[in-house]
Amino acid sequence: MNNARIDLWRNGEHMALLGEEQRRNAARTPLVQRRVLTVLTGTQVLGGLGVGIGVAVTTLLAASMSGSDAIGGLAQTSAVLGAALLAVPISRTAARSGRRTALTFAYGCGVAGALLVVLAATLRWWPLLLFGLLFFGGGSAAGLAARYAATDLSSPGRSARDLSTVVWATTVGSVAGPNLAEPADRLGRHLSLAEGAGPYVLAAVTFGLAAIGMFTLLRPDPLQAGGTGPRPAPARGGAWPALRGSARARIAIAGIVVSHTTMVAVMSMTPVHLNHGHTTLTVVGIVISLHITGMYALSPAVGWAADRLGRFPVLLLAMGQLAAAVTLASTSSPHDVAKLATALVLLGTGWSCGLVAGSALLTESIPVERRPAVQGLSDLLMNGAAAGGSVAGGMIVAAFSYGALAVFTLAMIVPMTIVLALGHRGGRDPRFEGRAQ
């Protein structure tokens, strides 16, 4: 009887200590989350610089090396496809070893890809360039995965805002990166590097700094830390069982895929359309910069709206903006720069609404132990679909016209809008991820 009392006393003491530890962890979580967001924001700026530099020169470098505009277009598709292919290894690494290791691995792939492109430029061998760009896509994959890391320690009702903070940080790099490409190329030539190699050397440096910052500073790991104790071990069975059990998760992924595919298909062909009107590269650059600003700059406001108004209303707003953008673009002549610029800003803000609200809805609709797998599948599908959308957009413009892109994209947007409207009416919109755990 005495032993039983001693065991009972020990168990009570243990539970009291565990409760105290949980209280300490809960008190630390806001401080830890601020640190996590600071690290993710800083590395996102660096990663965005590398990606922006690549976007500015990839197509031109591939076309110059191969002598083919088709290969030039395929180069950008290779980078997007690389981001898709790397999404699953990144998510598996996160489930096994945490976000810090996964994001460091992703940026490391970006470094390797940039260096392979430098070697390809030196050898003037375009197949190696395309291969290197697959790994270069790791920079984009890291940026996308970082948005989910921002939600691991979010307080109830703040996940969309935390996610949107990391998305917003991409603005700096994405806008500044293309403007650094030409100076980096000049510096590279001054240092006797091959034409087009300089920008990718700079991209390798920025990805490398992001990897170092992520590995050394993202402590504790947000996925492993949890809010009031250790996270559950990753569940077996992958992402599909979780998706089969959650209609909201399936809707979230569909909304993300439609938003991203529409944006990539229209954005990638707009410079070609403007070029048919003999628009200068400076004007094309301004239009694309306005588009990128629309994608990222307003994301904090989008996150606030998704948290306060709900995920479904913001996703519906995304579809409305995307539909307006493609309709406006399809009715614009190559000389109507103002109209096309307006269309691309709407395209960017619509993408932002779809990505932020869709990602928040996906995160809260899946149990914690399955989130990395499902998030990785989401990024695989969105980037894979975007790569296909880019190719399809080029074929549609070549065979028909730029205006025909509206038919292709509206064929995705309209059904998605109906699904969202029915889903919103069919049940209460869960705004807080804690209800899904």
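Above this note sits the structure.
Residues numbered from 1 in each chain as written. Predicted model: local features only at pLDDT ≥ 70, side-chain atom pairs only at ≥ 80, totals over all residues. Heavy atoms only, no water.

Re the environment of leucine 180
Then comes step 1: Residue placement: leucine 180 occurs in helix H6 (residues 159–190).
Then comes step 2: On the accessibility criterion, leucine 180 (35% relative accessible area) is partly exposed.
Then comes step 3: Each C-alpha atom, one on leucine 180 and one on glycine 50, is 9.8 Å from the other, the two residues being 130 residues apart in sequence.
Then comes step 4: Setting aside residues no more than four positions away along its own chain, leucine 180 makes contact with Leu49 and Leu202. (Helix = DSSP H or I, 4+ residues; strand = E, 2+ residues; numbered from the N terminus. Buried < 20%, exposed > 50% of the residue type's maximum accessible area, 1.4 Å probe, protein only. Contact = heavy atoms within 4.5 Å.)

Section: the pattern of salt bridges
Then comes step 1: Under the criterion given, the structure shown has nine salt bridges.
Then comes step 2: Between aspartate 379 and arginine 147 there is a salt bridge whose closest N-O contact spans 3.1 Å. With aspartate 379 in helix H15 (residues 371–399) and arginine 147 in helix H5 (residues 138–149), this pair connects stretches of sequence that are 232 residues apart.
Then comes step 3: Residue aspartate 307 pairs with arginine 161 through a salt bridge whose shortest N-O separation is 2.9 Å. You can see aspartate 307 sitting in helix H12 (residues 299–309) and its partner arginine 161 sitting in helix H6, a full 146 residues away along the chain. As far as burial versus exposure is concerned, aspartate 307 and arginine 161 are alike and both buried.
Then comes step 4: In the salt-bridge network here, residues are joined through shared partners; they are Arg161, Asp307, Arg311 and Glu364. (Salt bridge = Lys/Arg side-chain N within 4 Å of Asp/Glu carboxyl O.)

Re H5
Then comes step 1: Over its 12 residues, H5 runs 16 Å from end to end, which matches the ideal 16 Å to within 8%, given 1.5 Å per residue.
Then comes step 2: Most of H5 sits out of view: 11 of its 12 residues are buried.
Then comes step 3: What H5 keeps buried is the set Gly138, Gly139, Ala141, Ala142, Gly143, Leu144, Ala145, Ala146, Arg147, Tyr148 and Ala149. (Expected span 1.5 Å × (residues − 1).)

Overview of the side chain of arginine 100
Then comes step 1: Looking at where arginine 100 falls in the secondary structure, it is placed in helix H3 (residues 99–123).
Then comes step 2: Buried and unpaired, arginine 100 has no salt bridge, with aspartate 221 as the nearest side chain of opposite charge at 5.0 Å.
Then comes step 3: With sequence-adjacent residues up to four places away left out, arginine 100 is seen in contact with Met214, Phe215, Leu218, Arg219 and Asp221. (Lys, Arg positive; Asp, Glu negative; His and termini not counted.)

Read these as layout, nothing more, since geometry by itself doesn't imply function.
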